[in-house]
Amino acid sequence: KQLSLTSKAMPRPLPALTPELLVHNLSISLGFYCDLLGFKVLFERVEQGFVAIGLGEAALMLEQIADNQDNDDPWVVGPLDAPLGRGINLQITVDDIERLHQRLLSSDQRLRLPLEDLSYQAGAQLLNVRQFMLQDPDGYLLRFSQIVKG
């Protein structure tokens, strides 16, 4: 499945909820997300240090932290100290978690949680998922998961 961003009313360039992550080095982040994890560039604004990326139906926006970050910037609510993204993990559903997991293992990427099978209650339904978690170069937690037959 690829990212489907159209509606009958008006085309939408990104899903209704798309996190924007401030990053210390956009080139390193793009290498991590695109070369290692398989995201594709959807669009970019090079002069603004901004890029939107997608994987399947998931999308993220990445923005380079300015060297001269303004203390009055309304988009920044506190110091941008490492690791970024404390208190949040982004769940990204994929179609082939085994392939992604093998790619990460062969690249010696450190996982924060190993590949595991779990069951989660979702209303009246029990979902069986296979998942693992890692951190991106800035410290954001990424949990990749795939629904599996139980």
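Here, every reference points to the structure presented above.
Residues numbered from 1 in each chain as written. Predicted model: local features only at pLDDT ≥ 70, side-chain atom pairs only at ≥ 80, totals over all residues. Heavy atoms only, no water.

A.B. asks: Explain the pattern of salt bridges to me, please; I cannot follow it from the model alone.
C.D. replies: A pair can form between side chains of opposite charge whenever their charged atoms are brought close. Evaluation of the coordinates by the stated rule reveals three salt bridges. Arg99 is paired through a salt bridge with Asp96; the nearest N and O atoms lie 3.9 Å apart. Looking at Arg99, the relative accessible area reads 55%, which means it is exposed. Classification of Asp96 as partly exposed rests on a relative accessible area of 35%. For the salt bridge of Glu98 with Arg130, the shortest nitrogen-to-oxygen distance reads 3.4 Å. Linking Glu98 in helix H2 (residues 97–106) with Arg130 in strand S7 (residues 125–135), this pair joins segments that are 32 residues apart in sequence. Under the relative-accessibility criterion, Arg130 is labelled partly exposed at 23%. Taken together, the shared-partner salt bridges in this structure form one network comprising Glu98, Asp117 and Arg130. (Salt bridge = Lys/Arg side-chain N within 4 Å of Asp/Glu carboxyl O. Buried < 20%, exposed > 50% of the residue type's maximum accessible area, 1.4 Å probe, protein only. Helix = DSSP H or I, 4+ residues; strand = E, 2+ residues; numbered from the N terminus.)

A.B. asks: Even after reading the chapter, I still don't get the pairing of strand S4 (residues 58–64), so can you show me in this structure?
C.D. replies: Buried residues dominate S4, accounting for five of its seven residues. When strand S1 (residues 20–23) meets S4, the two strands line up parallel, connected through four bridges. Note on S4: the bridge partner recorded for Leu22 is Glu63. (Pairing = 2+ DSSP bridges.)

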